[in-house]
Amino acid sequence: MSLVTYFEQEILEHIDERKEQYLSTSHQIHARPEIGNEEYFAQDLLTSHLISAGFNVEKNIAGHETAFYAYKKSDKPGPVIAFLAEYDALPGLGHACGHNIIGTASVAAAISIGSVIHETGGTVVVLGTPAEEGGPNGSAKGSFVQHGYLDGIDAAMMIHPSYRNGLTTTSLAVDPLDFEFIGKPAHAASSPHDGANALEGVIQLFNGINSLRQHVTSDVRIHGIITHGGDAPNIIPAYAKARFYIRAAERATLNHVTEKVRAIAQGAALATGTKVNILEFQNQVDNLIPTPSFDEVYKKAYESLGGSFPEKVHGGIGSTDAGNISHVVPTIHPYVKIGPEELVLHTEEFREAAKSKAGDEGLLIGAKSLALTAFRLLTEPELLRGIKEEFNNR
């Protein structure tokens, strides 16, 4: 048995020996869903495993109380490989995106690599990134980039549960904006002329955006809601608010579209005699940029464990703040099957799949595949160099 094969087998056995612990962790997080930036239980549970495995752990970082940075370093020099952990739930739906699987798989993979890191050299890192689903101060991976937590990292990876196995795909960049219109109250029947209708400002914003839709490329998505439309029908609304996600396939395109939407909002305020405040309620999200040679390493690892991939991939494109990571280091975000083809993200059915036997199997094979991928990057300098060259040449 070669030395490489010996250590690879040791990595796989390390996960197998602890699989009941990892499955219990996934199920516990699933049973106690916490929305973005409130994931205190999940943070404590995941970091407790890392601390027990000899990782150094720092919590409350990058402007997020429930974030963490964990690392285990060899005495020998080598690359720095990061695993991305998500563990937030959806409001009202719980873990209907399977983040209980994502966070646990990344921690399991990191701990198994940590068990051989003194032989391979280098450093293994886990980035505990809250609020991937967004919301106030959401999309924490953007904060990690801004605060320099990706500095010095050579590659990053995670898996995401899905209705199929798949490699990293592109995603849409997102600008998350609130539009607050400030008007002037008045009696809606006796003196409406004395008021300035903030709700009319919001309505004009929606109308203007609808007119814009004809003049954007097909990848652009603009969708919003009215979060406050007034207090009573006999009072001219002095305050109204809308929340929008503006998306596009590339950041440059999105910047251009967002500029137009901002101008529409200013025009709506001017037309209605109101004032508008435009606020970013969470981090901007960048489009995910694949690095195919990196995905190929994961693919070989997954197939070596008996997994397979469909010849054709179909489906819509969403967004992920892993895109922010992919703009600064080579990143993979492959998909692991946890249910049937008709399974849809962000549904009750997906939530149940995330704690099912298939979900458990996806977690374990995903963790093993990530670990084997990281092992190759740590022990094959030419492989990592080629991945980084491809990333830099994009």
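Before reading further, recall that the structure is shown in the block above.
Residues numbered from 1 in each chain as written. Predicted model: local features only at pLDDT ≥ 70, side-chain atom pairs only at ≥ 80, totals over all residues. Heavy atoms only, no water.

### Looking at the pairing of strand E2 (residues 64-73)
Piece 1. Buried residues dominate E2, accounting for 7 of its 10 residues.
Piece 2. Note: strand E1 (residues 56-61) against E2, 5 bridges, orientation antiparallel. Its bridge partner lying in E2, isoleucine 61 is registered against histidine 64.
Piece 3. From the end of E1 to the start of E2, which pair antiparallel, there are 2 residues, and alanine 62 there has a positive phi angle of about 55 degrees.
Piece 4. As paired elements, E2 and strand E4 (residues 123-128) share 6 bridges and run antiparallel to each other. What sits directly across from tyrosine 71, in E4, is valine 125. (Buried < 20%, exposed > 50% of the residue type's maximum accessible area, 1.4 Å probe, protein only. Helix = DSSP H or I, 4+ residues; strand = E, 2+ residues; numbered from the N terminus. Pairing = 2+ DSSP bridges.)

### Observations regarding the packing of aromatic side chains
Each aromatic ring pair is characterised by the separation of its centres together with the angle its planes make.
Piece 1. Taken as a whole and judged by the stated rule, the model has 10 aromatic pairs.
Piece 2. Each ring, one from phenylalanine 206 and one from phenylalanine 244, has its centre 4.9 Å from the other, and the planes form 50 degrees; the classification is tilted. Separated by 38 residues along the polypeptide, phenylalanine 206 in helix H7 (residues 198-212) and phenylalanine 244 in strand E9 (residues 239-248) bring together distant segments of the chain.
Piece 3. Judged by relative accessible area, which is 22%, phenylalanine 206 ranks as partly exposed.
Piece 4. One aromatic cluster in this structure is built from Tyr69, Tyr71, Phe144 and Tyr149.
Piece 5. Just above the ring of phenylalanine 41 sits the side chain of arginine 32; from NZ or CZ to the centre is 4.1 Å.
Piece 6. The ring of tyrosine 245 carries arginine 247 above its face, with NZ or CZ at 5.3 Å from the centroid. (Phe/Tyr/Trp six-rings, centres within 6.5 Å; stacked < 30°, edge-to-face > 60°. Lys NZ or Arg CZ within 6 Å of the ring centre and 35° of its normal.)

### Overview of the pairing of strand E7 (residues 173-182)
Where a strand is regular, its side chains alternate between the two sheet faces.
Piece 1. Burial analysis of E7 places 9 of its 10 residues in the buried class, which makes it a mostly covered element.
Piece 2. Direction of pairing for E7 relative to E9: antiparallel, over a ladder of 10 bridges. Each bridged residue has a counterpart across the sheet, and for phenylalanine 179 the counterpart in E9 is alanine 242.
Piece 3. When E7 meets strand E10 (residues 275-280), the two strands line up antiparallel, connected through 6 bridges. Opposite phenylalanine 179, over in E10, you have isoleucine 278 as the bridge partner.

### So, the environment of asparagine 197
Piece 1. Here asparagine 197 shows up in the loop between E7 and H7.
Piece 2. C-alpha separation for the pair asparagine 197 and lysine 59, spaced 138 residues apart in sequence, amounts to 45 Å.
Piece 3. Contacts of asparagine 197, omitting those with residues within four sequence positions, involve Ile236, Pro237, Thr272 and Thr274.
Piece 4. At a separation of 3.0 Å, a polar atom in the side chain of asparagine 197 contacts the main-chain amide nitrogen of glutamate 200. (Contact = heavy atoms within 4.5 Å. Polar contact = N/O pair within 3.5 Å; in protein donor to acceptor, adjacent residues only side chain to side chain.)

### A look at the packing of helix H9 (residues 292-304) against helix H12 (residues 357-379)
Relative orientation and spacing of two packed helices are given, respectively, by the angle between their axes and the distance between those axes.
Piece 1. Taken N-terminus to C-terminus, the directions of H9 and H12 make an angle of 125 degrees; their axes are 8 Å apart at the nearest point. It follows from the interaxial angle that H9 and H12 lie oblique. H9 and H12 meet at a crossing whose hand is right-handed. Only Ile365, Gly366, Ser369, Leu370, Leu372, Thr373, Arg376 and Leu377 of H12 make contact with H9, whose side of the interface consists of Phe294, Val297, Tyr298, Lys300, Ala301, Tyr302 and Ser304.
Piece 2. Per-class residue counts for the contact of H9 with H12 are 9 nonpolar, 4 polar and 2 charged. (Axes fitted to C-alpha atoms, helices over the stretch in contact; angles between N-to-C directions. Parallel < 35°, antiparallel > 145°, perpendicular 65-115°, else oblique. Left-handed = near helix turned anticlockwise from the far one by under 90°. Nonpolar A, V, L, I, M, F, W, Y, C, P; charged D, E, K, R; others polar.)

Any functional reading would require information beyond the geometric quantities listed.
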